[in-house]
Amino acid sequence: MAEVPAPAATTLPHQTRTGRQTVRTVRSSAPSGPAGPADAPAGRGARAPRGVPGWLWSLPPVAALALVFLYPLALVVQQSFSPENGGGAFDAYASVFRSHSFREALGTTVWLAAGATAGCLVLGFVLALIIAFVPFPGAKAVAKFIDVFLSFPSFLITLALLFIYGTVGMANGLWTDVSGGAEGPFHFLTTPWGVLLAEITYFTPFVMRPLLAAFSQLDTAQLEVASSLGAKPARIIRRVILPEALPALAAGGSLVLVMCLNEFGIVLFTGAKDVTTLPMLVYGKAILESDYAAACVVAVVNIAISVGLFGLYRVVSKRAGA
């Protein structure tokens, strides 16, 4: 009996698939013709709309800043160059610069600001070291209280000092009760030293806050290695902690210096009549003497010093990463 050949239908599916793949390949490689009417809307819809120029978005905040801040500042500068009683543009400046009260106020402002900044740096560094590295109950609560303390007004701290060290304060009252004297010995709040104490008390947390942030990022392994090698605590502070704290100290000290130069409430509430700073001189010239040209001159000088120191603060803060 002759052999019956196997049906060739078993190869058809493979050939059919191969043929379909070839057809699809040829179709995909064929050049596409011009887009039809149905493709035109899709092409137009894919085009991104043009955005609003960036400089237009800056106009509203710049206009608000110019109206609220720059315009009054420009009026102060203009008034300093155009005194009401006539004269040249720089007559008010020459008169103010020649006056003894201005030179005394400038010197008092500078030394109070510098002294308060130095005191805040020393006291803030010591207190931040204790809070960050000396374990004691309530350390975290104290650190959080510092954040709240930054929101207190300056005159509130001054009033607290008056309640303690004022003429009729607690310290003098306790002294008179014990000694039987007519008055107590504490009268330094009405002197420059009282103003200095109040400013150090109020502005020290502004130094502690960046220091605590810097200490929280310090690698404790360095402290452990230094301690295991026999380094004393003073050496660890000087060689390990202080270099890491210098940027935070510089940023906090620059901020305190700017704020002390413009402090008005502390000097006013201490009642120190012999202490006249530049802000107090502006108040006296404008309110008490009605010499607005001289008050504007002093204000311009104060603004120039503050802006220069604020620029220094921004540079230091940028380098410190604050």
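A.B. asks: I tried to follow the confidence of the model for the protein on my own but got confused; where do I start?
C.D. replies: Where the model shows low pLDDT, its predicted coordinates should not be examined in detail. Mean pLDDT over the protein works out to 79, with 81% of the residues at or above the 70 mark. Averaged over each element, pLDDT in the protein is lowest for helix 1 (residues 12-29) (43) and highest for helix 5 (residues 100-133) (92).

A.B. asks: Where do I start with the nonpolar core in this structure?
C.D. replies: Generally speaking, a soluble globular protein has its nonpolar side chains buried in company with each other. In terms of nonpolar packing, the biggest core is built from 43 residues, with Phe 203, Leu 211 and Phe 215 touching the most fellow members. When contributions to this core are tallied by element, the ones reaching two or more residues are helix 5, helix 6 (139-149), helix 7 (154-165), helix 9 (192-216), helix 10 (220-228), helix 11 (233-261) and helix 12 (265-270). For this core, the leading source of residues is helix 9, giving twelve residues. Not counting the four nearest positions on each side in its chain, Phe 203 is found in contact with Cys 120, Val 256, Met 259, Cys 260, Glu 263 and Ile 266. Ala 92, Val 96, Leu 278 and Leu 281 belong to the second largest nonpolar core, which has 13 residues in total.

A.B. asks: Would you mind showing me how to read the environment of Val 122 here?
C.D. replies: The residue Val 122 is located in helix 5 in this model. Taking the C-alpha atoms as reference, Val 122 lies 9.4 Å from Val 207; in sequence the two are 85 residues apart.

A.B. asks: What is the right way to look at helix 8 (residues 170-179) in this model?
C.D. replies: Since the α-helix advances by 3.6 residues per turn, residues separated by three or four positions end up pointing in the same direction. Ala 171, Asn 172 and Thr 176 are the residues of helix 8 that are buried. The buried side chains of helix 8 occupy one side of the element, clustering within an arc of 130 degrees when seen end-on. Opposite the buried face of helix 8, at more than 90 degrees from it, the exposed residues are Met 170, Leu 174, Asp 177 and Val 178. Those residues of helix 8 that are buried are in contact with helix 7. The positive-phi residue at the C-terminal boundary of helix 8 is Gly 180, with phi of around 75 degrees.

A.B. asks: Looking at this model, I keep getting lost on the side chain of Ser 306. Mind explaining?
C.D. replies: Along the chain, the position of Ser 306 falls in helix 14 (residues 292-320). Assessed through its relative accessible area of 10%, Ser 306 is described here as buried. Separated by 2.8 Å, the side chain of Ser 306 and the backbone oxygen of Asn 302 make a polar contact. Residues within four places of Ser 306 in sequence aside, it is in contact with Val 258 and Asn 262.

A.B. asks: Is there a simple way to explain a nonpolar patch on the surface in this structure?
C.D. replies: Taken together, the side chains of Val 122, Leu 123, Val 126, Leu 127, Ile 130, Val 134, Phe 136 and Val 142 define a hydrophobic patch exposed on the protein surface, amounting to about 580 Å² of accessible area. Among the elements that line the nonpolar patch, the one with the most residues is helix 5, at five residues. Here Val 126 lies in helix 5. For Val 126, a relative accessible area of 39% gives the class partly exposed.

A.B. asks: Got a minute to help me understand the packing of aromatic side chains in this structure?
C.D. replies: The way to describe two aromatic rings as a pair is by their centre distance and the angle between their planes. For the structure on display, the rule yields 19 aromatic pairs. An angle of 55 degrees between the planes, with centres 5.4 Å apart, marks the rings of Phe 149 and Phe 152 as tilted. Given a relative accessible area of 25%, Phe 152 falls into the partly exposed group. Put simply, the rings of Phe 145, Phe 149, Phe 152, Tyr 202, Phe 203 and Phe 206 touch in pairs and so form one group of aromatic residues.

A.B. asks: Please explain the environment of Val 110 as it appears in this structure.
C.D. replies: Counting through the fold element by element, Val 110 comes out in helix 5. Exposure remark for Val 110: the relative accessible area of 44% places this residue in the partly exposed category. Placed 168 residues apart in sequence, Val 110 and Leu 278 show a C-alpha to C-alpha distance of 9.4 Å.

A.B. asks: What's the story with helix 11 in this structure? I'm lost.
C.D. replies: The end-to-end C-alpha distance of helix 11, which contains 29 residues, comes to just 36 Å, noticeably less than the 42 Å that a straight helix rising 1.5 Å per residue would cover. Where helix 11 bends most, at Leu 242, the angle is about 55 degrees, and the proline Pro 243 comes one to four residues later.

A.B. asks: Would you mind going over unusual backbone geometry with me for this structure?
C.D. replies: Most of the time, phi is negative for any residue but glycine, and the peptide bond is trans. Notably, Ser 290 is not glycine yet its phi reads approximately 55 degrees, a positive angle. By secondary structure assignment, the location of Ser 290 is in the loop between helix 13 (278-288) and helix 14. Overall, the relative accessible area of 45% leaves Ser 290 in the partly exposed class.

A.B. asks: Teacher, can you tell me more about the packing of helix 7 against helix 8 here?
C.D. replies: A pair of packed helices can be characterised by two numbers: the angle between their axes and the separation between those axes. Packing of helix 7 against helix 8 brings their axes to within 3 Å, and their N-to-C directions diverge by 5 degrees. Looking at the two axes, helix 7 sits roughly parallel to helix 8. Contacts between helix 7 and helix 8 involve Phe 163, Ile 164 and Tyr 165 from the former and Met 170, Ala 171 and Asn 172 from the latter. Classifying every residue of the contact of helix 7 with helix 8 by side-chain character gives five nonpolar, one polar and no charged.

What counts and what doesn't
Note that residues are indexed from 1 along each chain, following the sequence as it is written. In keeping with the predicted nature of the model, local features appear solely for residues at pLDDT of at least 70, side-chain atom pairs appear and are counted solely at 80 or more, and the whole-chain, interface and lining totals rest on all residues. By convention in this description, side-chain values take in all heavy atoms of the structure and omit both hydrogens and water. On a scale of 0 to 100, pLDDT captures the predictor's confidence in every residue. A run of DSSP states H or I qualifies as a helix once it reaches four residues; a run of E qualifies as a strand once it reaches two. Both are numbered from the N-terminal end. To define a nonpolar core, start from buried Ala, Val, Leu, Ile, Met, Phe, Trp, Tyr and Cys residues and group those joined through side-chain atoms within 4.5 Å. The buried label goes to any residue with under 20% of its type's maximum accessible area, the exposed label to any with over 50%, and the partly exposed label to all in between, with areas taken from a 1.4 Å probe on protein chains only. Residue contacts are defined here by distance: any two heavy atoms, one from each residue, within 4.5 Å place the two residues in contact. The arc in question is formed by the directions pointing from the helix axis toward the C-beta atoms. What qualifies as a polar contact is a pair of N or O atoms within 3.5 Å, subject to a donor-acceptor requirement within protein and to the restriction that residues adjacent in sequence count only when both atoms come from side chains. Each patch is built from salt-bridge-free residues with over 30% relative accessible area, joining like charges within 9 Å and nonpolar side chains (Val, Leu, Ile, Met, Phe, Trp, Tyr) within 5 Å. Here the Shrake-Rupley method, with its probe set to 1.4 Å, supplies the accessible areas, and only the displayed protein chains count as covering residues. We define a salt bridge as a side-chain nitrogen of Lys or Arg found within 4 Å of a carboxyl oxygen belonging to Asp or Glu. Between the rings of Phe, Tyr and Trp (Trp by its six-membered ring), a pair exists once the centres lie within 6.5 Å; its type follows the angle of the planes, with under 30 degrees stacked, over 60 edge-to-face, and the other angles tilted. Helix span, expected: 1.5 Å multiplied by one less than the number of residues in the helix. Take the seven residues that end at a residue and the seven that start at it, fit an axis to each, and the angle between those axes is the bend at that residue. Axis definition: a line fitted to C-alpha atoms, over the contacting stretch in the case of helices. Angles run 0 to 180 degrees between N-to-C directions. Every angle not falling under 35 degrees, over 145, or within 65 to 115 is termed oblique; those three ranges are roughly parallel, roughly antiparallel and roughly perpendicular. Here the nonpolar group is Ala, Val, Leu, Ile, Met, Phe, Trp, Tyr, Cys and Pro; Asp, Glu, Lys and Arg are the charged ones; every other residue, Gly included, is treated as polar.

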